[in-house]
Each structure stands twice: as C-alpha cells, then as structure tokens.
Amino acid sequence: MMVRRLPFSVFLGMYFRSFLLQASWNFERLQNLGFYYLMLPGLRSLYGDKLTVETCAQHSEYFNTHPYFAPLVAGTTLRIEQERRAGGETTVDAETYRMSVMAPFAAMGDAFFWGGVRPLAALVGLLIAIQGSLWAPFIFLMLFNLPHLVSRGGGLLLGYFLELRSIEMVQKCRLPDLAVRLKESTTILLGVLCAYLSFNGCEHQAISPVWGFVVLPVVLLFAWLAHKGFSSLFLVLLTTTSLLLLALMF
Amino acid sequence: MAVTQYMLVALVAMLAGLDRVAMGQFMISRPLVVAPLTGLVLGNPLLGLEVGMLLELLWLGRLPVGAAIPPDDTQVAVAATVLALSMEPVLGVGGMPLVILCVLAAIPLGKFGQVFDRLARSFNDRLAEDGHSHILAGEFHRAERLHLLGLASFAISSLATALVIVLIGGLALLGLAPLLIGAVRDAGLSLQYSLIIVGAAALLGTMNIQRSISLFTAAFSGTLLVLWLR
C-alpha cells in the first residue's frame, strides 16, 4: 500500500535517539522505555495531537534486542504503524513483528558486533599501540564505528522502506557467517600478536628466539582454562605471582 | 594535579561509563581509548596508552549481552592511569614498573563496577515502571524525561566505581609498592608482555570457532619463524 513518506527530520530524530536506547536499561523490561523514546518522533509525526495512550503503551512493553539493530526494528515498526493508521491491511501487527524479530536480531548483533567486529578492531588497534603510536585508539574507533553507524542509519531506512522485506535483506548479508570469518581473522591476529611479543621478549633477554615457542603451549593452556570458566582475574594473578616469585628467587 | 584536571577526569570517567551501555556505545569506553584519553587530560597520553594496552584484551571476550555485566574495565583503565600518574611523586618510582603495579592493583577492583552497575540497573527498574505508568496516564513527556534520568544512575555508578578503585587501589599501592617494586622491576618486560598475552589467551578461550587452535598455532609459529629468520 502507498503511504506518504515521513519527513527526513523524523528519521534524523530517530537516528540520534537510537544512541540513547539503553539510557534506562533495567532488569524488568530491559529496553522498553528506550524503544518508546526511539519511536516517539515517528509516532508524533504520524499521529500529531491524536497520539493515544494505547499506541504509546504498546511501544513501551518489554523489549530487548542488539542496540545497533534496534533502529531497523523501529523503522519497520513505524512503517507497519503508518499503514495501519492509513487504514491498510498489514501482514503482521507492530507488536507481533517486534516480539518475533528482537531475539534473532539480538543474537545476530551480539555475534557480529560484540563477537566479531569489536575483537578484530581491538586487535588491530593493539598491534598499532604496541609500536607506541597514539593513532591506535583512532584506528580502533574508526574500524569499529564504520559498521556500527552504517548499521544504525542504514537499518532505520531499510526497515522503513523495505518493511518486512528488510528481514530478507539482513539474511542475505549472512552476518553469522561473516562473524565466523571475523573471529578467524581475530584468532590469526592473536597468534601474530603473541609471537611478536615472544620474539621481542627473547630479544630483550638476549636469548635465542626459539625459546619464544615456549609461550605457545602456555597460551593454549590459559585459553583452555578460560574456556573452562576460569576468570581473567585468576589467570592474571597466577601469571603475575609466578613471574614475581621467579624474579624474587633469581 | 590541579582540581580542574581531577574534574575533567571525573567527566571522562562518567562519559566513558555511559558509553559502555547507556549512551552511544561508540567504544570510547574500551581501555585502549579511555586510558590514553585520561592520560591526555592528565598530561601524559602515552602512559595512558600503555595502561590501555595491558587491559584491552582481558575482558574483551566477556560480551555485554542482556543482563550479563562484565567487570568494569573502563573504570579500571581510568583509575589505573590516574594512579600511575598521581602515585609517582608519592612512591618515588615511575615508568613501566609503576604502570604495571597500578594496573595489577586496579584489576581485581573492577568487580566493584559490576556491583555499582547492578545497583544502577535496579534503580532503573523503578524508572521503567514509573515511566510506563506515566504513559498510561497520557504524560508522554514525563516518560521521556524518566528514560533520560536513567543516564544519571549509570553516570553516578561509573564515577563511584572509578573513585573506589582509585581510593582502595591507592591505599593498596602505598602498602604493597615498596615491597613489590623491586621484583616488578626485575620481571620487567616479561611481566608487561605476560599481561597482554594472558588477555590474548582469555580472548582465544572465548572464541568458540572450529579450528581456533590450529589457526592460532599456525599464525604464532609462522610469525615467530619469519621474525627469527629475517
């Protein structure tokens, strides 16, 4: 159904509000007020003075998704709301749509952004930082925020203009597969980082770099311990105590 | 340090704390960013970068998913940088050994961040409930304001975490630094590198991908061989 396009300022308002989605994050309803806050410019543009309690209450129910995917959900929800307001038939109502997509988008966003993009960007930043360059934080922020900002802005527009087809579009991006590729790249960079530090350590101690290979089983053992649930704090204490004792003894 | 510098550090701690969950999530809160930023405010961004490097990977694998709250590495980074710069004249030592000691003193105190964060989120439970009631009463603007009020609880929790880490960490350093500084100096570079390598191992352990061990081993061995033979 053809509906009038909302003014650009509405999308701009929603885009900026998406950065405050989790301002009142809480254990009971998670991002509920945040989603209401995010939707308000759109709802006000649609309903004006006739904005009802029912409409607002519907958008302030329990909500939880990945914060970078929330604009996409909001865009589609707004479009469904607009079509309903115009009296057209919609395949699903806004609430059903929101409830059915928030969990899959949360899982996808967590794996892609938190599990994929962030560690890779941090590793690249760290490798630059080890050279003592203050560009490291900027490179890290740039690498991370490029997909982040595109996801928020693009998601909002995609959700509004493609409506339910936006789900198909996101599926076509194959984000879970991409997340695995990013994790593999991160693993390789972790290997490069550890080897570089081992080599530097050997050079500093004026011993053969072949001793650097000693670090490999230690890292793998610690990784196994971390995988088994041992905390980073425990691993830090274990390493530090051992090294300090060695330093005190020799 | 001047009072204005302390106030600016408090502002950095709050803004970076907000960036963790409540506002933006641009990753200004990552130690690699916030520590040099704190250092910049205090006049030594490179020292901040060193702190950030040591802390960046430690809790990177702990995902901020749903109600899971990882230890507050943001405030650990801020506080460790503050300690490293402010304790130098008090302890009479400086450089990397002091940075390592400050980081070691601050790391266990990151747990306080979890406690304060949980308190902030519990306070927000009331905001969410009140906000919903205002919406049902047709007071839409008040619900908006309550939502934004949540920022205050997160900001206060961040500042409280930073303060607690600086205070307890500072007291611990006063007692332990004279005993440990010699050993830390002797361990030197190996201790500095080992902290980064422990972080790398912790991250590797959370990767959950097939072939992670073989990929890591190949990358490690290949790089070390290339560096050795070049």
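## A word on the overall build of chain B
Of regular secondary structure, chain B possesses nine helices and zero strands. Along the first, second and third principal axes, the C-alpha set of chain B runs to 75 × 50 × 25 Å. Nonlocal contacts in chain B, meaning residues at least 24 apart in sequence, comprise 76% of its contacts between residues at least 6 apart. Carbon and sulfur atoms form 68% of the exposed surface of chain B, whose accessible area is close to 8800 Å². With 12 positive and 13 negative side-chain charges, chain B shows a spacing of 6 Å between the two charge centroids.

## Things to note about the overall build of chain A
A count of helical and extended segments in chain A gives 10 helices and zero strands. Secondary structure elements in chain A, listed N-terminal to C-terminal, are α-α-α-α-α-α-α-α-α-α. Taking 2.2 N^0.38 as the reference for a compact globule, 250 residues should give roughly 18 Å; the C-alpha atoms of chain A span a radius of gyration of 24 Å, well beyond that estimate. Across its three principal axes, chain A shows a C-alpha extent of roughly 80 × 30 × 30 Å. Counting only carbon and sulfur atoms, one obtains 67% of the accessible surface of chain A, whose full area is about 11000 Å².

## Here we look at the nonpolar core
Membership of the largest hydrophobic core comes to 142 residues, with the highest contact counts inside it found for A:Phe105, A:Leu193, B:Leu57, B:Val103 and B:Ile107. Considering each element in turn, this core owes the most residues, 20 residues, to helix α8 (residues 140-205) of chain B. When residues no more than four places from it in sequence are discounted, the contact partners of A:Phe105 are A:Thr65, A:His66, A:Phe69, A:Leu72, A:Val73, A:Tyr97 and A:Val170. Counting 12 residues, the second-largest nonpolar core is a separate cluster that includes A:Trp25, A:Leu30, B:Leu18 and B:Leu151.

## Describing the interface of chain A and chain B
Taken together, the contact between chain A and chain B spans 95 residues of the former and 90 residues of the latter. Both faces considered, chain A and chain B share a buried interface measuring about 8200 Å² in area, 77% of it formed by carbon and sulfur atoms. Considering only the side of chain A, the residues that lose the most area to chain B are A:Trp25, A:Phe27 and A:Arg118, jointly responsible for 8% of the buried surface there. Where chain A packs against chain B, one counts three salt bridges. Between A:Glu184 and B:Arg211 there is a salt bridge, with the nearest N and O atoms lying 2.9 Å from each other. The interface formed by chain A and chain B contains 22 residue pairs in polar contact (both at pLDDT 80 or more). Listing elements by their share of the side of chain A that touches chain B, those giving two or more residues are α2 (32-47), α3 (53-58), α5 (94-129), α6 (136-162), α8 (175-205), α9 (215-227) and α10 (232-249) of chain A.

## Some words on the packing of aromatic side chains
Per the stated rule, a full pass over the model turns up 19 aromatic pairs over all chains. Seen in terms of ring centroids, A:Phe11 and A:Tyr160 are 4.8 Å apart; in terms of plane orientation they differ by 65°. Their pairing is edge-to-face. You can see A:Phe11 sitting in helix α1 (residues 8-18) and its partner A:Tyr160 sitting in helix α6, a full 149 residues away along the chain. Both residues of the pair, A:Phe11 and A:Tyr160, count as buried. Consider the rings of A:Trp25 and A:Phe27, whose centres lie 5.7 Å apart with planes at 90°: the pair is edge-to-face. Classification of A:Trp25 by relative accessible area gives buried; the value is 3%. An aromatic cluster of at least three residues, connected via ring pairs, comprises A:Tyr68, A:Phe69, A:Phe105, A:Phe112, A:Phe113, A:Trp114 and A:Phe144. Taking NZ or CZ as reference, A:Arg79 lies 5.2 Å from the ring centre of A:Tyr160, over its face. One Lys or Arg, B:Arg121, reaches over the ring of A:Trp25 and ends 4.6 Å from the middle of that ring.

## Examining the confidence of the model for chain B
Mean pLDDT over chain B: 92, with 100% of residues reaching 70 or higher. Confidence metrics for the complex model read pTM 0.93 and ipTM 0.93.

## Quick notes on the pattern of salt bridges
Counted under the stated rule, the structure contains 12 salt bridges over all chains. The partner of A:Arg44 in a salt bridge is B:Glu144, with the nearest N and O atoms 2.8 Å apart. Residue A:Arg44 is located in helix α2, and its partner B:Glu144 is located in helix α8; the two belong to separate chains. A:Arg44 gets classed as partly exposed once you look at its relative accessible area, which sits at 28%. The class for B:Glu144 is buried, based on a relative accessible area of 8%. In this structure, the salt-bridge partner of B:Asp117 is B:Arg121, at a minimum N-O distance of 2.7 Å. Of this pair, B:Asp117 and B:Arg121 both sit in helix α7 (residues 110-136), four residues apart, which is roughly one turn of the helix. Owing to a relative accessible area of 10%, B:Asp117 belongs among the buried residues under this scheme. A relative accessible area of 3% places B:Arg121 in the buried class. Linked by salt bridges that have partners in common, B:Arg20, B:Arg30, B:Glu56, B:Asp72 and B:Asp73 make up one network.

## Quick notes on the side chain of B:Asp19
Along the chain, B:Asp19 falls in helix α1 (residues 3-20). With near-sequence residues (within four places) excluded, B:Asp19 lies in contact with B:Gly24, B:Gln25, B:Phe26, B:Met27, B:Ile28 and B:Ser29.

## Description of helix α4 (residues 70-85) of chain A
The end-to-end C-alpha distance of α4(A), which contains 16 residues, comes to 22 Å, matching closely the 22 Å that a straight helix rising 1.5 Å per residue would cover. The positive-phi residue at the C-terminal boundary of α4(A) is A:Gly87, with phi of around 90°.

Cut-offs used in this document
Residues numbered from 1 in each chain as written. Chains lettered and ligands numbered in written order. Predicted model: local features only at pLDDT ≥ 70, side-chain atom pairs only at ≥ 80, totals over all residues. Heavy atoms only, no water. Helix = DSSP H or I, 4+ residues; strand = E, 2+ residues; numbered from the N terminus. Contact = heavy atoms within 4.5 Å. Areas by Shrake-Rupley, 256 points an atom, 1.4 Å probe, with all protein chains shown as cover. Lys, Arg positive; Asp, Glu negative; His and termini not counted. Charge placed at Lys NZ, Arg CZ, Asp CG, Glu CD. Rg over C-alpha atoms; globule rule 2.2 N^0.38 Å. Core = buried A, V, L, I, M, F, W, Y, C linked by side-chain atoms within 4.5 Å. Buried < 20%, exposed > 50% of the residue type's maximum accessible area, 1.4 Å probe, protein only. Buried area = accessible area lost by both parts, 1.4 Å probe. Salt bridge = Lys/Arg side-chain N within 4 Å of Asp/Glu carboxyl O. Polar contact = N/O pair within 3.5 Å; in protein donor to acceptor, adjacent residues only side chain to side chain. Phe/Tyr/Trp six-rings, centres within 6.5 Å; stacked < 30°, edge-to-face > 60°. Lys NZ or Arg CZ within 6 Å of the ring centre and 35° of its normal. pLDDT = per-residue confidence, 0-100. Expected span 1.5 Å × (residues − 1).

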